[in-house]
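Each chain is listed here by its residues.
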Amino acid sequence: MLNLQELISKLTPEEKAALVSGTDFMYTNEIPRLRIPALCMADGPHGLRKQTGAQDNGIAQSEPATAFPTAVTTASGWNPENTRRMGRAIAEECRHYGVHVLLGPGANIKRNPLCGRNFEYFSEDPLLSGTMAAAEVEGVQSGGVGVSVKHFALNNSENYRFMGDSIADERAMREIYLKSFERIVKEAHPATMMCAYNKINGTFCSENRWLLTEVLRKEWGFDGAVMTDWGAVRNRAEGLRAGLDLEMPGDTTICRRWILDGLQDGTLPMEVLDQAVLNILKLVDTYVTGEAAPEADWDAHHKLAAEIAEDSAVLMKNDGVLPLNGTEHLLVVGELFEKMRYQGAGSSMICPAKLTTPKDAFEERKVSYLYCRGYSENRTEPQPELVQEAVKKAEHADTILLFAGLTDYVESEGCDRESMKLPENQLELIERLTATGKKLVIVLFGGSVVELPFADKVSAILHMFLPGQNGGTATFRLLFGEANPGGRLSETWPVCYADVPFGSEFGKTEQEIYKESIYVGYRYYLTAKKKVRYPFGYGLSYTSFTWDNKKVMVDKDAVTVTCDVENTGACAGADVVQLYVKAPQSKVFKPEKELRGYQKVMLKPGEKKTVTITVPLSELRYFNTREQRFVLESGSYEFQLCSDCQTVRLSECVELQGENVSTPYSEETVATYQNADIRSMTKAAFEAMSGQNIPALPPKFPVTLESRFTDLQQTFLGRILFGAVLSVAKKQMKQALALPEGVERDNKIKGAQFLKRILESNSVRSMSMSSGKSMPYHFANGFVEFANGHLFRGIRCFCTPVKVPKLPKQEKEEK
Ligand code: BGC
């Protein structure tokens, strides 16, 4: 245990500036003189990505580790015990590799189904998201490893994530977007939080004092360290003043220069820097223990990954064809059968310690089946020859198992999906196979919602999401009834993308206007009475359950609801009791109902258990923007026990005594918003409701440090620079394409594609802040001058590097 205050008093300003900056992509700076060691971080969140060679986010190789099911999958399990166990296992692997802080989990709310990172986030609902993430945090941290909960906050789209402005009303933030994080902070006490790239209502998260200090620290009591997302720092001194401690990945000379200058001219008080230093020292002191690296139980983790995948898979449709009984004449179609998509693409990409695809599992169990590819996983355009082959082979089968889904080519970190459809080659295949009249079982993979135009025509749909490295075993066991799908949807499946509120505006410019306010996910579809394909909370089982004997007990601070759940079918299975509350209609607009509690229960055939869900009254409050606090309204609250958000099984009304506080809304606002009719939620209505003006979009020209890289192309010189930067990705792609067909080629192509997306969507500033050594700040300024046609000014920038004292570790190396 170090005496931290004493240490701080011994540190020089230069050492302090080094301590609050990262280095070598995933480390904090060591201070050899005072024996302060470096702290090692690694992505996250569904397993470990400890890089072996080049340091970057998601492209280079990493050490083998267990690829667990991603958040979209675990959330569908509605079972926090899963993420807790997974967290413990990940911590064991972190210790094995000497990693002190895991970058994750991601607790952002799924606002739109096309967000490229939805696979990494849990849910559209803050309670489900917050509880699942909090359990993961507890799991990891109980294993002696810290976490960094990300991306704080309102990072709900990818296309403009580096410079985008999320414009939202405070009530939507407090009740939905921040709520998920609030629960994690208060219940699980994460060691660190990672602030997002984007702005919130005009202010970058990395320098947003309201977010990082007023809300996070003062209101929620967070006492850990705040770090940036990689390259999210803008004005370093402003960030420190706002409550940002650690800049990542660091090695940006300009940031240390700003700190030292700020100390000198008094704009950055030493106490402010000392507080950040203290927060980082606490982190280092707690997690860098110097203990020997233990061996991890790789086999147990592989098994755990499959168990979680089984508990989380959602059976969307079943006319009785599933489970298979082993006597069917099976035709298996779809390349995802052999090239299972088991994790998402980007910084969370893990090198799996072991991999079991459905094909491996079928082979291992000696299942007899015919197989054809049907489509190529790495292509999207129709492939008539492959479809033809599948249709022909179907003649010899009575049951077709069709493996379909989203691939890394259409869904990844770094960009939003272009549509909610499955790739065209797969859609055509499905259509042709439904026409054969054979029993057709669709096994889906993928990290987010897709349109299912064929849902009514097929026999069954089993969704595995991104099931992790042992997804093959889980898929086999579920198909053949060795396990029972235990999942329920953690997000709404709309019929088509046109039904998504403000879908046509999503990901189009650097402004995301959250005009729908609190009507996110099912809160919108239920209130607007919009038909959906599958509702939030929905999922079938191979067995059946009855619920009865409901009791509702009200005491001073909470309402407790109990009911008995009995497994009335022939096999073991899990049911999820979901408690929604319908609040009184008043002069405050409200969603139709909101999830306020849930419990999963595992039952053997004939077994009965009592489920108890307690809802603190504080959870029933809405956020009153005028009062600046949560308020409980008096009135009748309906407590509904549901098997999905639409299906009420048992309900009871309870009269609750709340406060008498006047509404912050005008009558027009309530009239506009109370039915969630998006046609009436205009820009003007949003401004009136939220009390804030939507600023004009920033001009595209002249180019600034905040410009998107693609905007460089407006001028001749800018195009040359853009081409030069993109050539790195192009070169990688060329090398990848030259490789022989196989896993290595596929992975390299995906890596090159991810790099291209990152390069295109980056801002000039963020690119510089995330690659300090290869594109230092004076280069970034030079780029901007060049792109604006100022050749000589550009050259001057390029020739004027930022001068800053050496890092303590460099001094040590030189000795
Ligand atoms: C991602 C983070 C990730 C970091 C480090 C960023 O680009 O947004 O989620 O943890 O890179 O790889």
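Scroll up to find the structure.
Let me sum up the structure you'll find in this document. (Residues numbered from 1 in each chain as written. Predicted model: local features only at pLDDT ≥ 70, side-chain atom pairs only at ≥ 80, totals over all residues. Heavy atoms only, no water.)

### Structural notes on the sheet that holds strand 9 (residues 199-200)
Moving on, step 1. With mixed pairing, the four strands of this open sheet are ordered in space as 10-9-7-20. Looking at the sheet topology across the chains shown, the edges are occupied by strand 10 (203-204) and strand 20 (511-513).
Moving on, step 2. As judged from the two bridges shared by strand 9 and strand 10, these two strands associate in the antiparallel manner. Its bridge partner lying in strand 10, Ile 200 is registered against Thr 203. (Pairing = 2+ DSSP bridges. Helix = DSSP H or I, 4+ residues; strand = E, 2+ residues; numbered from the N terminus.)

### Overview of the sheet that holds strand 25 (residues 594-603)
Moving on, step 1. Strands sit in the order 25-24-29-30 across an open sheet of four strands; the sheet is antiparallel. Looking at strand neighbours, the two that pair on one side only are strand 25 and strand 30 (647-656), the edges of this open sheet. Averaged over neighbouring strand pairs, the angle between their axes works out to 20 degrees when direction is ignored.
Moving on, step 2. As defined by bridge partners, strand 24 (residues 573-582) adjoins strand 29 (residues 635-644) across five bridges and the pair is classed as antiparallel. (Axes fitted to C-alpha atoms, helices over the stretch in contact; angles between N-to-C directions.)

### Looking at a nonpolar patch on the surface
Moving on, step 1. A cluster of nonpolar side chains, contributed by Leu 791, Phe 792 and Ile 795, occupies part of the molecular surface with about 310 Å² of accessible area.
Moving on, step 2. Relative to the helices and strands, Leu 791 is located in helix 24 (residues 791-798).
Moving on, step 3. You can call Leu 791 partly exposed: its relative accessible area is 36%. (Patch = residues over 30% accessible without salt bridge, like charges linked within 9 Å, V, L, I, M, F, W, Y side chains within 5 Å. Areas by Shrake-Rupley, 256 points an atom, 1.4 Å probe, with all protein chains shown as cover. Salt bridge = Lys/Arg side-chain N within 4 Å of Asp/Glu carboxyl O. Buried < 20%, exposed > 50% of the residue type's maximum accessible area, 1.4 Å probe, protein only.)

### Structural notes on the layout of surface pockets
Moving on, step 1. By volume, the largest pocket amounts to about 820 Å³.
Moving on, step 2. Every residue lining the largest pocket is counted, 32 residues in all, and those nearest its centre are Met 349, Val 743, Asp 746, Asn 747 and Lys 748.
Moving on, step 3. Among the elements of the structure, strand 14 (351-352), helix 20 (716-737) and helix 21 (743-761) are those that each provide at least two residues to the lining of the largest pocket.
Moving on, step 4. Tallying contributions element by element places helix 21 first for the lining of the largest pocket, with eight residues.
Moving on, step 5. The residue inventory of the lining of the largest pocket, partitioned by class, reads eleven nonpolar, ten polar and eleven charged. (1 Å grid on protein atoms, 1.4 Å probe; cavity = no way out; pocket = protein on both sides within 12 Å on 5 of 7 lines; lining within 4 Å. Points joined across faces, edges and corners; volume = space filled by probe spheres on them. Nonpolar A, V, L, I, M, F, W, Y, C, P; charged D, E, K, R; others polar.)

### Here we look at empty space enclosed by the protein
Moving on, step 1. One pass over the full model with this rule turns up five cavities of 30 Å³ or more.
Moving on, step 2. In this structure, the largest cavity occupies an estimated 180 Å³ of space.
Moving on, step 3. Each residue belonging to the lining of the largest cavity can be placed in one class, and the counts come to nine nonpolar, five polar and five charged.
Moving on, step 4. In this structure, the second largest cavity spans a volume of roughly 140 Å³.
Moving on, step 5. Lining the second largest cavity are 13 residues, with Pro 126, Glu 175, Lys 179, Arg 596 and Glu 619 positioned closest to its centre.
Moving on, step 6. Of all elements in the fold, only helix 5 (126-142), helix 7 (179-188) and strand 25 reach the threshold of two or more residues within the lining of the second largest cavity.

### Thoughts on the side chain of Arg 174
Moving on, step 1. Mapped onto the elements of the fold, Arg 174 is located in helix 6 (residues 170-177).
Moving on, step 2. A residue is classified by how much of its surface remains accessible, and Arg 174, at 5% relative accessible area, is buried.
Moving on, step 3. A polar side-chain atom of Arg 174 sits 2.8 Å from a polar atom in the side chain of Glu 219.
Moving on, step 4. When neighbours within four sequence positions are excluded, Arg 174 is seen to be in contact with Lys 179, Trp 210, Val 215, Glu 219, Phe 623, Gln 628 and Phe 630. (Polar contact = N/O pair within 3.5 Å; in protein donor to acceptor, adjacent residues only side chain to side chain. Contact = heavy atoms within 4.5 Å.)

### Brief notes about the site of the ligand
Moving on, step 1. The ligand sits among 14 residues. The nearest are Asp 43, Arg 117, His 151, Tyr 197 and Asp 229.
Moving on, step 2. Between the ligand and Lys 150 there is a distance of 3.0 Å, counted from an oxygen atom to a side-chain nitrogen or oxygen.
Moving on, step 3. Expressed as a share of its isolated accessible area of 310 Å², the protein-covered part of the ligand is 100%.
Moving on, step 4. Taken together, the residues that form the shell around the ligand break down as five nonpolar, three polar and six charged. (Near = heavy atom within 4 Å.)

### Concerning the side chain of Asp 575
Moving on, step 1. Within the secondary structure, Asp 575 is located in strand 24.
Moving on, step 2. At 2.9 Å, the side chain of Asp 575 forms a polar contact with the side chain of Arg 488.
Moving on, step 3. Residues within four places of Asp 575 in sequence aside, it is in contact with Arg 488, Phe 545, Trp 547, Val 565, Gln 599, Lys 600 and Val 601.

### Quick word on the packing of aromatic side chains
Moving on, step 1. Enumeration over the complete set of coordinates arrives at 30 aromatic pairs.
Moving on, step 2. By way of ring pairs, the aromatic residues Phe 337, Phe 362, Tyr 369, Tyr 371, Phe 403, Phe 445, Phe 476 and Phe 480 are connected into one cluster.
Moving on, step 3. Positioned above the aromatic ring of Tyr 514 is the side chain of Arg 111, whose terminal nitrogen or guanidinium carbon lies 4.0 Å from the ring centre.
Moving on, step 4. The ring of Phe 589 has Arg 171 lying over it, and the distance from NZ or CZ to the ring centre is 4.8 Å. (Phe/Tyr/Trp six-rings, centres within 6.5 Å; stacked < 30°, edge-to-face > 60°. Lys NZ or Arg CZ within 6 Å of the ring centre and 35° of its normal.)

### A short note on the packing of helix 4 (residues 80-97) against helix 12 (residues 298-312)
Moving on, step 1. Packing of helix 4 against helix 12 leaves a shortest axis separation of 10 Å and a crossing angle of 155 degrees. Classed by the angle they form, the pair helix 4 and helix 12 counts as roughly antiparallel. Here the hand of the crossing between helix 4 and helix 12 comes out left-handed. Residues Asn 82, Arg 85, Met 86, Ala 89, Glu 92, Glu 93, His 96 and Tyr 97 of helix 4 lie in contact with helix 12, whose contacting residues are Trp 298, His 301, Leu 304, Glu 307, Ile 308, Asp 311 and Ser 312. (Parallel < 35°, antiparallel > 145°, perpendicular 65-115°, else oblique. Left-handed = near helix turned anticlockwise from the far one by under 90°.)

### Re helix 4
Moving on, step 1. End to end, helix 4 covers 26 Å across 18 residues, agreeing with the expected 26 Å (1.5 Å per residue, within 8%).
Moving on, step 2. Along helix 4, the positions that sit buried rather than exposed are Asn 82, Thr 83, Met 86, Gly 87, Ala 89, Ile 90, Ala 91, Glu 93, Cys 94, His 96 and Tyr 97.
Moving on, step 3. The positive-phi residue at the C-terminal boundary of helix 4 is Gly 98, with phi of around 70 degrees. (Expected span 1.5 Å × (residues − 1).)

### Side note on the environment of Glu 364
Moving on, step 1. Its location among the elements puts Glu 364 in helix 13 (residues 358-364).
Moving on, step 2. Glu 364 sits 109 residues away from Thr 473 along the chain, and the two C-alpha atoms are 9.6 Å apart.

### Observations regarding the environment of Asn 747
Moving on, step 1. Here Asn 747 shows up in helix 21.
Moving on, step 2. Between the C-alpha atom of Asn 747 and that of Glu 214, which follows or precedes it by 533 residues, the distance is 43 Å.

### Re the environment of Ala 18
Moving on, step 1. On the secondary structure map, Ala 18 appears in helix 2 (residues 13-19).
Moving on, step 2. Looking at Ala 18, the relative accessible area reads 0%, which means it is buried.
Moving on, step 3. Sequence separation of Ala 18 and Lys 806 is 788 residues, and the distance between their C-alpha atoms is 9.2 Å.
Moving on, step 4. Beyond its immediate chain neighbours, meaning those up to four positions away, Ala 18 contacts Asn 29, Arg 256, Leu 807 and Pro 808.

### Some words on the pattern of salt bridges
Moving on, step 1. Using the criterion set out here, one finds 65 salt bridges in the structure.
Moving on, step 2. Between Arg 85 and Glu 307 there is a salt bridge, with the nearest N and O atoms lying 3.0 Å from each other. Highlighted residues: Arg 85 in helix 4 and Glu 307 in helix 12, separated in sequence by 222 residues.
Moving on, step 3. Residue Arg 85 is classed as partly exposed on the basis of its relative accessible area, which comes to 32%.
Moving on, step 4. Among the salt bridges present, the one from Arg 341 reaches Asp 408, with a minimum N-O distance of 2.6 Å. Taken together, the positions of Arg 341 in the loop between strand 13 (330-333) and strand 14 and Asp 408 in the loop between strand 16 (399-405) and helix 15 (424-434) put the pair 67 residues apart, joining distant regions of the chain.
Moving on, step 5. Look at Arg 341 and you get buried, because its relative accessible area is 3%.
Moving on, step 6. Several salt bridges converge on common partners, so that one network encompasses Glu 335, Lys 339, Arg 341, Arg 373, Glu 377, Asp 408, Glu 411, Asp 746 and Lys 750.

Treat this as a map of the structure, not an account of what it does.
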